[in-house]
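Structure at a glance
Take a look at the letters that make up each chain.
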Amino acid sequence: RYNRKNQVHGLFRALPDRVPHRFLWLWDSVFHGMAFAEYNLEMAKDAIKAVLAMQDKDGFIAHMMSEEGFISEITQPQVIAWGVWNVYQKDKDKQFLSYCAPIIDKFLVWTMKNRDKNGNGLLEWFTEPDYTNCRCGESGLDNCPRFDFDVDMDAIDFSTYLCNDAKYLSFIYDEIGEKERSSFYMGVHESIKDKINDLLWCEEDGLYYDRLLGGELTRVASFTSFLPMFAGICSQSQADKMVKVLLDENRFWTQTAIPSMPKDSEFYDIDMWRGCTWLNLNYFIMLGLLKYGYTDIKPYR
């Protein structure tokens, strides 16, 4: 894994800075690319290409990588197809889509093969239960109380990201004329969508939760419980139930933005993933609210 420097030479100008962020991170780079696309499309594409260029032969893409060729042993949320599609909207560069599509395809195939131990179509994060401060760096949510369980579980966020990226990879393949792969990934999207609704939805609470491999929902609410709106997974009635929970001022609706854990949780704290606000998840939730017609929600007063 130290032989890729020539592959990415020049692309690593997309690094956020040289000190202290001396690495690229997978989903951070997608967010950077979408921001760069507002004023420099080549920089935007480089931010994403730099990550894709570090793919292993088996399809794995690491969560962290360096210009010198180092890559980590875990991955991160798969949002690349979604990001590529958004960057593509700026100039309709089909060569960019054609470059990215087969790499993303291999990554999603690797993810489905290596992060679904029970074979039910939903994904489990790689976790490190003994590492208290970062039990799940792969999720991007490090020490979120969701990972206080010392067992594998079908993860609502991981499964939702895959469901969403499969849909956008389908769009990408359709745009470049590869109808068979487009149909395949739309089928993946629909299959995961059905499984998320069948296995991860709690009608009583009006929220989605992680599911222990034995079949029990964890019922640990967090801002990830609202992500299915972002991917268009839930029905309007399910979205209405979630928004009722979201706007509860004793739980998620705060004076700043949506916290990582609800205020009434026994786990609520000032730590970043145990109570504080995080921009990217708030952005996903905002997009989900707009998708389901919630365009006039007023800020907390």
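Attention here is on the structure that accompanies the text. Keep in mind the model is a prediction, meaning the values are calculated, not measured.

Re the packing of aromatic side chains
Counted under the stated rule, the structure contains 23 aromatic pairs. Taking the centre distance of 3.7 Å and the plane angle of 5° together, the rings of Trp 125 and Phe 158 count as stacked. In this pair, Trp 125 is assigned in the loop between helix H5 (94–114) and strand E3 (153–154) and Phe 158 in helix H6 (residues 156–175), connecting sequence segments 33 residues apart. Overall, Trp 125 belongs to the buried group, its relative accessible area being 4%. With 4.9 Å between their ring centres and 85° between their planes, Phe 226 and Phe 252 make a pair best called edge-to-face. Residue Phe 226 is found in the loop between strand E6 (211–212) and helix H8 (227–230), and its partner Phe 252 is found in the loop between helix H9 (236–246) and helix H10 (279–291); the two are separated by 26 residues along the sequence. Residue Phe 226 is classed as buried on the basis of its relative accessible area of 0%. Positioned above the aromatic ring of Phe 96, the side-chain terminus of Lys 45 is 5.7 Å from the ring centre.

Points about H6
The terminal C-alpha atoms of H6 lie 29 Å apart, and with 20 residues this matches the ideal 28 Å at 1.5 Å per residue to within 8%. Extensive coverage of H6 is indicated by the burial of 17 of its 20 residues. Within two residues after H6, Gly 177 carries a phi angle of roughly 85°, on the positive side.

Focus on the pattern of salt bridges
Tallied over the full model, the rule gives 17 salt bridges. Here Arg 146 makes a salt bridge to Asp 157, at a shortest N to O gap of 2.7 Å. You can see Arg 146 sitting in the loop between H5 and E3 and its partner Asp 157 sitting in helix H6, a full eleven residues away along the chain. We classify Arg 146 as buried; its relative accessible area is 1%. Residues joined in a network through salt bridges with shared partners are Glu 42, Lys 45, Asp 91 and Asp 93.

As for the nonpolar core
Membership of the largest hydrophobic core comes to 96 residues, with the highest contact counts inside it found for Ile 80 and Phe 284. Among the elements that take part in this core, H6 stands out by supplying ten residues, more than any other. In this structure, Ile 80 is in contact with Leu 26, Val 30, Ile 48, Leu 52, Ile 61, Ile 104, Phe 107 and Asp 165, ignoring residues within four places of it in sequence.

So, the environment of Asp 91
Tracing the backbone shows Asp 91 in helix H4 (residues 80–91). Sequence separation between Asp 91 and Gly 288 is 197 residues; the distance between their C-alpha atoms is 25 Å. With residues up to four places along the chain from it excluded, the contact list for Asp 91 reads Leu 41 and Lys 45. At 2.7 Å, the side chain of Asp 91 forms a polar contact with the side chain of Lys 45.

Cut-offs used in this document
Residues numbered from 1 in each chain as written. Predicted model: local features only at pLDDT ≥ 70, side-chain atom pairs only at ≥ 80, totals over all residues. Heavy atoms only, no water. Phe/Tyr/Trp six-rings, centres within 6.5 Å; stacked < 30°, edge-to-face > 60°. Helix = DSSP H or I, 4+ residues; strand = E, 2+ residues; numbered from the N terminus. Buried < 20%, exposed > 50% of the residue type's maximum accessible area, 1.4 Å probe, protein only. Lys NZ or Arg CZ within 6 Å of the ring centre and 35° of its normal. Expected span 1.5 Å × (residues − 1). Salt bridge = Lys/Arg side-chain N within 4 Å of Asp/Glu carboxyl O. Core = buried A, V, L, I, M, F, W, Y, C linked by side-chain atoms within 4.5 Å. Contact = heavy atoms within 4.5 Å. Polar contact = N/O pair within 3.5 Å; in protein donor to acceptor, adjacent residues only side chain to side chain.

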